Amino acid sequence: MTKTRILISLLCLSAISSEAQDRSISLQECLDLSHTGGKTVVNAALDVKAARSQKQEALAAWFPTASVSAGGFKAWKPIVDLGLNDILGNSDAAYNFRHYIGTISGIGGIDTHWSFLNDAYTAALNVTQPVYAGGRIANGNALASLGVKAADVRNRMAVRDNDDEVTGKYWTVIALTEKKKALQQGIDLLVSLEGEVTAALEAGLAKESELLQLKIKRKDLETKMLRLCSGERLAKMDLFNVIGLEYSLNGIDGILLSDTFEDLPAPENQSVEMESLAHSLEESELLEMSVESKKLQKKMTLGEALPEVMVGASYGWGKIVNGPRDNGLLYAMIKIPLTDWGKTSQKLHRCQYEIEKAQNEREFLEKQLVVKLSKEWNDVQCAWEEVLAAKETLSLSEILETQKKAEYDAGLCTLSELLQCQAELQNSRSSLVDSQSSYCTALAIWSKSRR
């Protein structure tokens, strides 16, 4: 066995890890794994949870808010320190009045000098309840609910796109595996032919150059096999990373994909109303939500210029001037914006323009969705026609290769002509595999759009 064939065997057939040997996984299993372990789907689910949390944040605006406040101070000197001179001034009338007060203060116990606010402390519990905020609370909650719906739609889109990606990568691996099989058939033909030429050379019926030509061709195919084996391994790694499947580099060759290109179903020959199908897609739902969110944002902007009503209660305990005491109060507040109408009016105009823009984008993109669906359906039909054409080409190539082999055995054609015919047969097999892979991917994408 040559070094090249040894490398092929080691790269394509060995599986050192006994745990991973002979494990088979289907396309549906890959899709199921990607729904739980794929980072794209997992992150989309986290976005939904984040949107729901944001909705709970918006709901909190309906409920009362409570807060506790406390404070105090200690002054080096009394903050308030005054007597009659500070109040009455230094005029003659003031002097006479101060003298009179001073005379009677000793009799009546009246203090003519006041000093207080050396220290103070207070603590209070405040509760406020919004009653009306220009509709911003209700519209804010509606906007948050719309965000949850949008996150759910994006989650479904992420799953759909993930399925498309996994399906494409899965069939890429299958295509490389089938190409390896087709290439191995070509190598086997050359090995068989090489044995025949060797026997003919020993009998003096063939030239040594023909044997060298066969060996060169076989080396070329074995080199291509090495590339295919390496490409298949890398494609598997890419697929398994996307679906979140754990694997070892030594054992990846033992993980086999069970689906094949055999018995591919023909596309369904039924008419599809593209407009109604496009309207049912997640993209169309998001476009509708985009228009609705712009309308809610306009209502929120209008609420900034409307009155706000709030009621509240406060209960506290503290010492400021007199001794420690408690007290409570109820209050109501009304806030009426007086100077924001001009600014709000322009913001409302801007919001209306954004609504019209969103409506225009919705109309245009819905038409683009129809184009997208039509393209997907055309891709399915064209890919199926390519499969049929590739099968017919392969059948003709096999017949031609058989005839050329018979002509070569009869001495009616050269070895170069036979090798050229076998190369065309090899290309036909490879083209069939490519067309089958493209058809499977196109059919999977179309099927997802119709769900």
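The sections below set out a description of the structure shown in this document. (Residues numbered from 1 in each chain as written. Predicted model: local features only at pLDDT ≥ 70, side-chain atom pairs only at ≥ 80, totals over all residues. Heavy atoms only, no water.)

1. Side note on the overall build of the protein
Along the protein, the regular secondary structure elements total eleven helices and eight strands. Within the protein, the proportion of its 451 residues that are buried is 36%. For the protein, the share of sequence-separated contacts (at least 6 apart) that also reach a separation of at least 24 residues comes to 84%. For the protein, the accessible surface area stands at approximately 26800 Å², while carbon and sulfur atoms represent 56% of it. (Helix = DSSP H or I, 4+ residues; strand = E, 2+ residues; numbered from the N terminus. Buried < 20%, exposed > 50% of the residue type's maximum accessible area, 1.4 Å probe, protein only. Contact = heavy atoms within 4.5 Å. Areas by Shrake-Rupley, 256 points an atom, 1.4 Å probe, with all protein chains shown as cover.)

2. A closer look at the state of the cysteines
Per the counting criterion, the structure on display carries zero disulfides. Unpaired in terms of disulfides, Cys413 finds its nearest cysteine sulfur in Cys421, a separation of 8.4 Å. A relative accessible area of 10% means that Cys413 is categorised as buried. (Disulfide = S-S within 2.5 Å.)

3. Some remarks on the packing of helix 6 (residues 136-202) against helix 9 (residues 282-303)
Contact geometry of helix 6 with helix 9 gives a least axis separation of 10 Å together with a crossing angle of 160°. Looking at the two axes, helix 6 sits roughly antiparallel to helix 9. Between helix 6 and helix 9 the crossing geometry is left-handed. Among the residues forming the contact of helix 6 with helix 9, the class breakdown is ten nonpolar, five polar and ten charged. (Axes fitted to C-alpha atoms, helices over the stretch in contact; angles between N-to-C directions. Parallel < 35°, antiparallel > 145°, perpendicular 65-115°, else oblique. Left-handed = near helix turned anticlockwise from the far one by under 90°. Nonpolar A, V, L, I, M, F, W, Y, C, P; charged D, E, K, R; others polar.)

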